[in-house]
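# Residue-level structural notes
So the chains spell out like this:
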Amino acid sequence: MPRIAIHTDQAPAAIGPYSQAVRAGGTVYLSGQIPLDPSTGELVEGDIQAQARRAFDNLKAVCEAADGSLGQVARLGLYLTDLSDFAAVNAVMAEYFDAPYPARSTIQVSALPKAAAFEVDAVLVLE
């Protein structure tokens, strides 16, 4: 089964040898999105909620570039540098997703690229 790279200018360009997403059959594997402004490549200003919104906006743009939507996301991975931000990120996630919610893991990490406080990746299943 061929892998098809997905790219959009509406999300930050990959910072290395990877694709924003790859489609294999009806499944799209989305790389991690940190809160970079796609027009500047810079980390957004603000608190964890501002960072989470930008990262989810980036994720949404890649889903749309794959002809999908956040409503088709089957699994999310959330990465935070401080788990005390978990409730705030949950509140932002509820702005982007409706029940039934995707399966999810949440992991505290020691650091993220560009000193971001939040990153999200996903698996999208196209119908």
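That block above? That's the structure.
None of the values given here were measured: they were computed from a predicted structure. (Residues numbered from 1 in each chain as written. Predicted model: local features only at pLDDT ≥ 70, side-chain atom pairs only at ≥ 80, totals over all residues. Heavy atoms only, no water.)

Spatial ordering of the open sheet is given by E1-E2-E3-E6-E4-E5, a layout of six strands whose pairing is mixed. Edge strands, defined here as strands with exactly one partner in the open sheet, are strand E1 (3-6) and strand E5 (103-108). Sheet twist, expressed as the average angle between the axes of neighbouring strands with direction ignored, equals 15°. Pairing geometry for E1 and strand E2 (residues 21-24), over four bridges, is antiparallel. The partner of Ala5 across the bridge, within E2, is Val22. Running over the sheet, helix H1 (residues 48-65) touches E1, E2, strand E3 (27-33), strand E4 (73-80) and strand E6 (118-125) and is turned about 25° from E6. (Pairing = 2+ DSSP bridges. Helix = DSSP H or I, 4+ residues; strand = E, 2+ residues; numbered from the N terminus. Axes fitted to C-alpha atoms, helices over the stretch in contact; angles between N-to-C directions. Contact = heavy atoms within 4.5 Å.)

Moving on to helix H2 (residues 86-96). Of all the residues in H2, the buried ones are Val89, Val92, Met93 and Tyr96. The arc enclosing the buried residues of H2, seen along the axis, measures out at 105°, which places them on a common side. For H2, the secondary structure elements touched by its buried residues are H1, E4, E5 and E6. (Buried < 20%, exposed > 50% of the residue type's maximum accessible area, 1.4 Å probe, protein only. Arc of directions from axis to C-beta.)

This part is about the packing of aromatic side chains. The final tally for this structure, using the stated rule, is three aromatic pairs. Between the aromatic rings of Phe56 and Phe118, the centroid separation amounts to 5.6 Å while the plane-to-plane angle is 50°, which identifies the pairing as tilted. Of this pair, Phe56 sits in helix H1 while Phe118 sits in strand E6, placing them 62 residues apart in sequence. The class for Phe118 is buried, based on a relative accessible area of 0%. (Phe/Tyr/Trp six-rings, centres within 6.5 Å; stacked < 30°, edge-to-face > 60°.)

With that out of the way, let us pick up the side chain of Gln72. Position of Gln72 relative to the elements: it lies in the loop between H1 and E4. Taking relative accessible area as the criterion, Gln72 reaches 17% and is therefore assigned buried. Those residues in contact with Gln72 that sit more than four places away from it in its chain are Asp67, Val123, Leu124, Val125, Leu126 and Glu127.

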